[in-house]
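Here are the chains, one letter per residue:
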Amino acid sequence: MMQQREIVEKAKKAIETLNPGIPFNIMEVCGSHTMAISKFGLRQVLPKNIRLISGPGCPVCVTAQNEIDAVIELSNKNIVIATFGDLIRVPGNKSSLQKERAKGKEVRVFYSPLDALKYAEENPQKEVVFIGIGFETTVPTVALTIKEARERNIKNYSVYSLHKTMPEALRALLVGGSNVQGFLLPGHVSAITGSRIYEFLPEEFGVGGVISGFEAEDILMSIVMLLKNYKNPTIEIQYKRVVKEEGNIEAQKIIEEVFEPCDSTWRGLGEIKGSGLKIRDKYKDFDAALKFDIKPIGDEIEVKGCRCGDVLKGRIYPNECPLFGRVCTPDNPVGPCMVSSEGSCAAFYKYGA
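Residues numbered from 1 in each chain as written. Predicted model: local features only at pLDDT ≥ 70, side-chain atom pairs only at ≥ 80, totals over all residues. Heavy atoms only, no water.

A tally of regular secondary structure across the protein chain gives 16 helices and 11 strands. Relative to the 2.2 N^0.38 estimate, which gives 20 Å for 353 residues, the radius of gyration of the protein chain is 20 Å and therefore close to what a compact globule would have. Principal-axis analysis of the C-alpha atoms places the extent of the protein chain at approximately 65 × 45 × 45 Å. For the protein chain, the residues scored as buried account for 56% of the 353 residues in total. In the protein chain, 77% of the contacts between residues at least 6 apart in sequence involve partners at least 24 apart. As presented, the protein chain carries roughly 15800 Å² of accessible surface, and 49% of it is formed by carbon and sulfur atoms. Charged side chains in the protein chain number 45 positive and 44 negative. The centres of these two groups are separated by 4 Å. (Helix = DSSP H or I, 4+ residues; strand = E, 2+ residues; numbered from the N terminus. Rg over C-alpha atoms; globule rule 2.2 N^0.38 Å. Buried < 20%, exposed > 50% of the residue type's maximum accessible area, 1.4 Å probe, protein only. Contact = heavy atoms within 4.5 Å. Areas by Shrake-Rupley, 256 points an atom, 1.4 Å probe, with all protein chains shown as cover. Lys, Arg positive; Asp, Glu negative; His and termini not counted. Charge placed at Lys NZ, Arg CZ, Asp CG, Glu CD.)

Right, let's talk about the pattern of salt bridges for a bit. Counted by the stated rule, this structure contains 23 salt bridges. Between Glu250 and Lys253 there is a salt bridge, with its nearest N and O atoms 3.6 Å apart. Of this pair, Glu250 and Lys253 both sit in helix α12 (residues 249-258), 3 residues apart, which is roughly one turn of the helix. Take Glu250 and Lys253: they sit in the same class, and that class is exposed. Here the residues in one salt-bridge network are Glu100, Lys103 and Lys105, joined through shared partners. (Salt bridge = Lys/Arg side-chain N within 4 Å of Asp/Glu carboxyl O.)

Those residues of helix α16 (residues 344-351) lying buried are Ser344, Cys345, Ala346, Ala347 and Phe348. For α16, the secondary structure elements touched by its buried residues are α2 (31-39), α3 (42-45), β2 (50-54), α14 (308-312) and α15 (336-339). Looking at the residues trailing α16, positive phi occurs at Gly352, about 90°.

Moving on: the packing of aromatic side chains. Taken as a whole and judged by the stated rule, the model has 8 aromatic pairs. Between Phe135 and Trp266, the ring centres sit 5.9 Å apart and the planes meet at 20°, which makes this aromatic pair stacked. Within this pair, whereas Phe135 is found in the loop between β5 (128-132) and α7 (139-151), its partner Trp266 is found in strand β10 (residues 259-266), the two being separated by 131 residues in sequence. We note that Phe135, like Trp266, is buried. Sitting over the face of the ring of Tyr283, Arg150 holds its NZ or CZ atom 5.1 Å from the ring centroid. One cation-aromatic arrangement involves Arg171 over Phe200; the distance from NZ or CZ to the ring centre is 4.3 Å. (Phe/Tyr/Trp six-rings, centres within 6.5 Å; stacked < 30°, edge-to-face > 60°. Lys NZ or Arg CZ within 6 Å of the ring centre and 35° of its normal.)

Okay, empty space enclosed by the protein next. Considering all chains together, one arrives at 2 cavities of 30 Å³ or more under this definition. For the largest cavity, the calculated volume is near 60 Å³. Every residue lining the largest cavity is listed: Cys306, Arg307, Cys308, Cys321, Leu323, Phe324, Cys328, Gly335, Cys337, Met338 and Cys345. Residues that form the lining of the largest cavity fall into these classes: 9 nonpolar, 1 polar and 1 charged. If you add up the space inside the second largest cavity, you get close to 30 Å³. Forming the walls of the second largest cavity are Gly31, Thr34, Gly55, Gly57, Cys58, Cys61, Leu312, Cys337, Glu342 and Ser344. Per-class residue counts for the lining of the second largest cavity are 4 nonpolar, 5 polar and 1 charged. (1 Å grid on protein atoms, 1.4 Å probe; cavity = no way out; pocket = protein on both sides within 12 Å on 5 of 7 lines; lining within 4 Å. Points joined across faces, edges and corners; volume = space filled by probe spheres on them. Nonpolar A, V, L, I, M, F, W, Y, C, P; charged D, E, K, R; others polar.)

Take a look at the structure:
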């Protein structure tokens, strides 16, 4: 514990020494970083000109409402909806999976897509659709279930892929100008992808990034690394105990085998070219979008007053939204940023602004 305190104090002094004296916005694009920053009160220990702002790092939060509506419509077809816990509370335009489950629809929460595959195998009379959501971290396991379903001839299991990938979202945030001077890059995602996928940030936009761990000392040391190189931005790995430059090659291979890039709509950011993943033709029998002709329903209808989109772009802090803590709370979430345990609004509400 003493060593951790010494590291934190050393990092704080280094930040004071390296402070460029100009507005310096650092965006984290990982929900776990968002929670850690709020939990450890790191915004409060930084100089006022160095701001930590949240970006589109929560996969549940950036799932479009009309895609939620499409999943809800699927639940009306006597199909078992298998998903992670956070997704069931995310509001679509008219309802949520939680509300539909209360009406008697079969919506089941699984901690792993492998558990969903096992459920499908044990219940061959039921069609089971797993809602594939998340960034590169969760994709390999979902890909594995599709491969296993094919190899074991489990025909009643399929995946509706709402997976998103991080690099093109970062590009979309920076195109046309941005208030971001540096990125805290996601540790879990980067354990799969490696660091090379971010090299376009300094090369094309002059913005650096550090792949950070999740303890207070990790994040503070990552900020030190960003400040040291702000005049000559680069991509660095602070989280070296987990992340390698080349990433997880085997995980990358299985993603490449099962999925291919596609365009995807991000809540708050709109459609981003090449930022999603769809199932390749080789595995099309396990693509729920084809099997059940699933399409996003209608357009996005933003709730009046909700500024989740601006929160996801790092334009405002959650407590600057007029609904925050008043109409919108974890018990009564209006927008997805308050629903997810990794959402910026949920973090601000739990740990204070």
